[in-house]
Amino acid sequence: MTREHRMSTTGSCLCGAVAYRVDGPLRDVLACHCTQCRKTSGNFVTATSCAKSDLSIAGEASISWFTSSPGVRRGFCSVCGSQLFWDVAARSTMSIFAGTLDGDPGLRLSGHIFCEAKGGYYEITDGLPQQTGAYRRESCG
């Protein structure tokens with residue numbers, strides 16, 4: 001089970017063209033090993049999530065959105081290519097790629113999802129829960 005942390009935190013892409021602020025709880029981080037995450041990142045993805053209403057984005061004009069599945073889009077900086085967001089239109093939450101957070105917001109990795117699709121070149125040995133498919137009906141955080 002994942003924990004939520006009440007906080008105000010910031011993050012950005014590598015070049016700074018896109019910055020965001022979350023004023024509300026962030027869920028602990030999940031690692032997604034699905035094929036789409038591996039293809040877009042070159043490895044597995046780690047993500048937290050927040051209520052869309054708690055997320056403020058500066059530099060939205062620099063976000064490019066890629067529709068990766070029906071009703072699902074992935075947001076990245078069109079300047080530097082940093083992956084930032086994973087968004088399901090039907091949900092009230094937005095996934096945020098954990099590596100884009102500034103500083104240490106106190107989040108911890110809480111588990112792994114889509115482990116059946118993980119790359120053959122690594123093992124998951126941290127002792128955290130591993131799920132086949134989504135965790136609690138979630139994907140990519």
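These remarks concern the structure in this document. It should be emphasised that the depicted structure is a prediction, and the values quoted were computed from it without experimental measurement. (Residues numbered from 1 in each chain as written. Predicted model: local features only at pLDDT ≥ 70, side-chain atom pairs only at ≥ 80, totals over all residues. Heavy atoms only, no water.)

Focus on the nonpolar core
Operational definition: Only buried Ala, Val, Leu, Ile, Met, Phe, Trp, Tyr and Cys residues count toward a nonpolar core, and they belong to the same one when joined by side-chain atoms within 4.5 Å. A simple rule labels every residue: compare its accessible area, found with a 1.4 Å probe on the protein chains alone, to the largest value its type can have, and call it buried under 20%, exposed over 50%, or partly exposed in between. Secondary structure elements are taken from DSSP: a helix is a run of H or I of four residues or more, a strand is a run of E of two residues or more, and numbering for both begins at the N terminus. The contact definition used throughout considers only heavy atoms, calling two residues in contact when any of these lie within 4.5 Å.
Tyr20, Val22, Leu26, Leu55, Phe85 and Ile96 are the most contacted members of the largest nonpolar core, which totals 18 residues. Taken together, the elements giving at least two residues each to this core come down to β2 (19-27), β8 (83-88) and β9 (93-97). For this core, the element with the most residues is β2, which contributes three residues. Contacts of Phe85, omitting those with residues within four sequence positions, involve Tyr20, Leu55, Ile57, Ile63, Trp65, Arg73, Arg74, Gly75, Met94, Ser95, Ile96 and Phe97.

Considering the side chain of Arg27
Under the convention used in this document: Whenever two N or O atoms come within 3.5 Å, that pair is a polar contact, provided that in protein one can donate a hydrogen and the other can accept it, and provided that, for residues adjacent in sequence, both atoms are side-chain atoms.
Looking at where Arg27 falls in the secondary structure, it is placed in strand β2. Residue Arg27 is classed as buried on the basis of its relative accessible area, which comes to 4%. A polar contact of 2.9 Å, which involves the side chain of Arg27, links it to the backbone oxygen of Ala47.

Re the environment of Lys118
Secondary-structure assignment places Lys118 in the segment after β10 (109-113). A relative accessible area of 21% places Lys118 in the partly exposed class. Taking the C-alpha atoms as reference points, Lys118 and Ala134, separated by 16 residues in sequence, lie 13 Å from one another. Those residues in contact with Lys118 that sit more than four places away from it in its chain are His33, Arg38, Glu123 and Ile124.

Looking at unusual backbone geometry
The backbone of Phe114 shows a phi angle near 55 degrees, a positive value even though the residue is not glycine. Relative to the elements of secondary structure, Phe114 occurs in the segment after β10.

Here's the deal with the sheet that holds β8
Put simply, the rule reads: Think of it this way: DSSP has to see at least two bridges between two strands before they count as a pair. Note on method: axes are straight lines fitted to C-alpha atoms, helices fitted across the in-contact stretch only, with angles between N-to-C directions ranging 0 to 180 degrees.
The mixed open sheet is built from seven strands, whose spatial order is β6-β7-β8-β9-β4-β3-β10. Each edge of the open sheet is held by one strand with a lone partner, namely β6 (63-69) and β10. Across this sheet, the average inter-strand angle for adjacent strands is 30 degrees, counted without regard to direction.

Brief notes about the packing of aromatic side chains
Rules: Two rings from Phe, Tyr or Trp (for Trp, the six-membered ring) form a pair when their centres sit within 6.5 Å of each other. Planes less than 30 degrees apart are called stacked, planes more than 60 degrees apart edge-to-face, and all others tilted.
Using the criterion set out here, one finds four aromatic pairs in the structure. Both rings, one in Phe44 and one in Tyr122, keep their centres 5.6 Å apart while their planes meet at 45 degrees; by these two values the pair is tilted. Of the two residues, Phe44 sits in the loop between α1 (35-41) and β4 (45-51) while Tyr122 sits in the segment after β10, which places them 78 residues apart along the sequence. Residue class for Tyr122 comes out buried when judged on its relative accessible area of 13%.

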